[in-house]
Structure formats: C-alpha cells, structure tokens
Amino acid sequence: MHDFRIKNGRLCCEGVALETLARTYGTPLYVYSQHTITDHYRKLDRALGGLPGHLVCFAMKANSNLAVVRLLANLGSGFDIVSGGELYRVAQAGGDPRRCVFAGVGKTETEIRYALEQDIYSFNVESAPEIERIHRVAQSLGRRAPIAIRVNPNVEAHTHAKITTGTYENKFGVAIEDVEAVYARAAKLPGIRIRGVQMHIGSQITSAGPFVKAVKKALPLVKKLQSLYDMEFFSIGGGIGICHDPALESATPAWWRRAPKARAWLTPRRYADQLVPLLAPLGLRILIEPGRFIVGNAGALLTQVQFVKSTPEKTFVIVDAGMNDLIRPAFYDSYHQIVPLRKTRGTLVADVVGPICESGDYFAKDRRLAAVGEGDYLALLSAGAYGMAMASNYNSRPFAAEVLVNGTRHAVVRARQTRSHLVRGESVAEWLKK
Ligand SMILES: *Cc1c(COP(=O)(O)O)cnc(C)c1O
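Residues numbered from 1 in each chain as written. Predicted model: local features only at pLDDT ≥ 70, side-chain atom pairs only at ≥ 80, totals over all residues. Heavy atoms only, no water.

Novice: Can you walk me through the domain arrangement of the chain in this structure?
Specialist: Reports of interface size often rely on the accessible area that becomes lost once the parts have come together. Parsing the chain into structural domains produces domain 1 (34–290) and domain 2 (297–422). Taking only C-alpha atoms into account, the centre of domain 1 sits 30 Å from that of domain 2. Buried surface at the junction of domain 1 and domain 2, both sides included, amounts to about 2500 Å², of which 57% is carbon and sulfur. Applying the counting criterion to the domain 1 and domain 2 interface returns zero salt bridges. At the surface where domain 1 touches domain 2, the tally comes to six residue pairs in polar contact (both at pLDDT 80 or more). Broken down by element, the side of domain 1 that touches domain 2 gets its largest block of residues, four residues, from helix α2 (residues 34–47). Classifying every residue of the side of domain 1 that touches domain 2 gives 12 nonpolar, seven polar and seven charged. (Domains from an automatic or database assignment. Buried area = accessible area lost by both parts, 1.4 Å probe. Salt bridge = Lys/Arg side-chain N within 4 Å of Asp/Glu carboxyl O. Polar contact = N/O pair within 3.5 Å; in protein donor to acceptor, adjacent residues only side chain to side chain. Helix = DSSP H or I, 4+ residues; strand = E, 2+ residues; numbered from the N terminus. Nonpolar A, V, L, I, M, F, W, Y, C, P; charged D, E, K, R; others polar.)

Novice: Just checking my understanding: could you explain the pairing of strand β19 (residues 377–380) for this structure?
Specialist: The two faces of a sheet get side chains in turn, since along a regular strand they alternate between them. Burial of the side chains of β19 extends over both faces: Y377 and A379 are buried on one face and L378 and L380 on the other. By the bridge criterion, four bridges tie strand β14 (residues 299–310) to β19 in an arrangement that is antiparallel. Across the sheet, Q304 pairs through a bridge with Y377, a residue of β19. Strand direction decides the pairing type here: strand β16 (residues 338–340) and β19, joined by three bridges, are antiparallel. Directly across from I338, in β19, lies its bridge partner L380. (Buried < 20%, exposed > 50% of the residue type's maximum accessible area, 1.4 Å probe, protein only. Pairing = 2+ DSSP bridges.)

The following block contains the structure:
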C-alpha cells in the first residue's frame, strides 16, 4: 500500500530514515517513494489486463513534478492534463504528448493550438462552445482535432462537495441528455474528428458503487455513439480513493484513535472486478485517469516542530509547514496521519498548526499525537497528491523542496526556493523610484 514504515524505531521511506532526509535537506520537505508510485501504477495497469489496449493516463494535476512524470512515462503511462502548462511539463519530462488527454472547462485558443501542435491524443471537451473553438483553431492550422465529449452522468459520487464533479450542480461536462446533440454538431465540423467519449465523476471515491452506477448509466449512450461514429475510446476518468495505513495504525494505536473510520479500501482488483465485465464487451479502448490513487500515499510532508504553545483551552503544536505547503486540511477537511519520525513515549492532544496568519492554517484539530517538543520532526502522510501541486508562496514563504527516494538512494527533484525566487519577475514601477 505504501513504503512509509517504522523500522527500528525510525519512520522510513523505503530504505531511508526520514530523519536523515529532514536533516540533510531541511524542512518543510516533500518525500516521494518511487517504489510506491511504481507499485500503484502497475497494480492498476495489471488489473485492467482484461481490456486490450487500455491506457492509464496519470492525472498530472495531482503531482506534476518532472521526476514523477518521467517515472510514470518510463512505466508507459499516458497523462490527463488540464492546462498548456501541464502539457509543457510532459514534454519537458520526456513523456509522450500522443498519450495525453486534455480536460478542463476553460481551454484557451493558445492552449488548444499548443496541444494540436504537440499532437495530443484527445481533447476532452466540456461544453458546446468549446467544440466550436477547437474546430476554428484546428482549421486555422489545417488540422483535424481529435475530441471526446465529457459526459456528466448526474451521479452522486458520495465524496466531499469540493471534489464531486459528476452532478448537474457542477461546472463539468455536458449533461447526459444533451450529449448526442453536441456530437451531432461536432460530426459536421471539418476541423473535428470524433475519437471517443469521456466521464469523470469526482475524487477520493472509496467504493466501486458510484463508478459502476455512472458507467451503467452511460453505457446505452456509448453504444449509440459507437453505432453512429468512428469511436476509438471510452475514458471512465479518475477518482479512485485512498485510505490511511492500518500498519501504522497498529504500530501507533494512540495516534490513530481520532482517525475517521476508513471505509472499504477500493483496491485495483475490486475496481476492475466490478468494471471490466461492463466495459470489455464494448470493444473500445478504455482509458482511466487516476491521480490520487497513484501518488497520494506515495508522498509525505516532513515538518519540524517550532513551538508547543499551551493556552487554558488548547495545546498548539506549531510546525514549520503551513497551508501554503499543504492546503488540503483547510480546503477539503482532509485527514492526514501525523507520525513522529522517531519513536516517542507518551501522547498529547493538540491542534497541529502552521505559521501562517490564517485561522485556517491547521493540519489537525484536537488530535492525539505522539508527545513531541521543539525541534522534533513530524511526517504528514498521504501528502503525495494535491500537496506540492497546490502549494503557493502565500505569506512570502518559499516553496518546499521535493525529494525522490528509490531504495536507499535519494535525490532532490525540486530545489527549495530561496528568498530571491519570491520576487522574481516583480519590479517597482519607474515613477515610484525617487
Ligand atoms: C482531477 C481529475 C482526475 C483525477 O482525479 P483523482 O481523484 O486524483 O484520481 C481525472 N480526470 C479528470 C478530468 C480530472 O479533472
């Protein structure tokens, strides 16, 4: 499930003690396990073995570090991109743009042109006006743009409101009732080549049920489209959820007590067992777009305790990572296991907070933790997805460094920003200078 384990009283990533990394590279520090990423990719890829020609397209927005992208490209992954910038990263990392699908509700002309020049596999179209724009840009380049329309199946994914995407309350995709009409229009446009159909209902989905429901709802439409057009693929999107680690739970029972109940763990096997039988008879190339599942539990954010501050109401463990480094608890109420890097005696109940001037700058509230003090290190687990990718320079805090671990080897894959990075590109207007 992942390669962060306690060995000889030390929390390790694969063969490296995390305290060594924290001391060598400083904190806050993101650490990724190459083995975990590889293992998750392969498990999914193998589980879909019953679907000839299937393609796993890693959703890059979860973690777009060049080393992570290159690792996945080496494994044969395609990429689900949501901006021209992400496509640029694929190219920079040595990935294959012809294995990229491009989602997003607001693709600009510049992005569409760039994606056509890079020869991407498909634009996953989110509205009727987007088709017209892609057609125009393709024609201006003398090309035909491959497209799939994103079907919004109006299915509840039973996940957090900020990460559900497959209902009519959301801005994503074309309502299932309107999809045929949009395809009919697309078929008339010489700048458009219909290549497939796509769907993505949300994120952190921890049972197969919502996926099955969405696929079943879309199947009659997909078959109809197959009979009308030259369809090559059906992408069922991403969204496979992750859960917390029972191994660390049993090693550290007290720290676990406040964890939300982990629901049934949606393994690649369970996912595939439910979905492959529905999809195989179509004879289409099946794509999936997992992000969180591949990298979520493959990353941890290491941080150092600055102060332990007690008030009559509460104890605050103040760490050197902030919501600018990891915004998920503030943004999505997400739970991250918080584990000390070396075994400690005793526990305390505290809010774990960052140094940023916002009340929302916290990682845990009223959490029972290992008893830690100033200078001790902590790991925030399950931080490999939507962690660094959502980091900002808020409060003029430089970006953390990122390290990739492979067995006993480790390498910095993003250097820590320095103060000079913070003002790069800024200038004082001439008239302000005296
Ligand atoms: C975000 C996103 C994904 C990946 O979601 P995960 O929950 O990380 O698997 C896949 N497809 C699309 C279109 C997305 O926007």
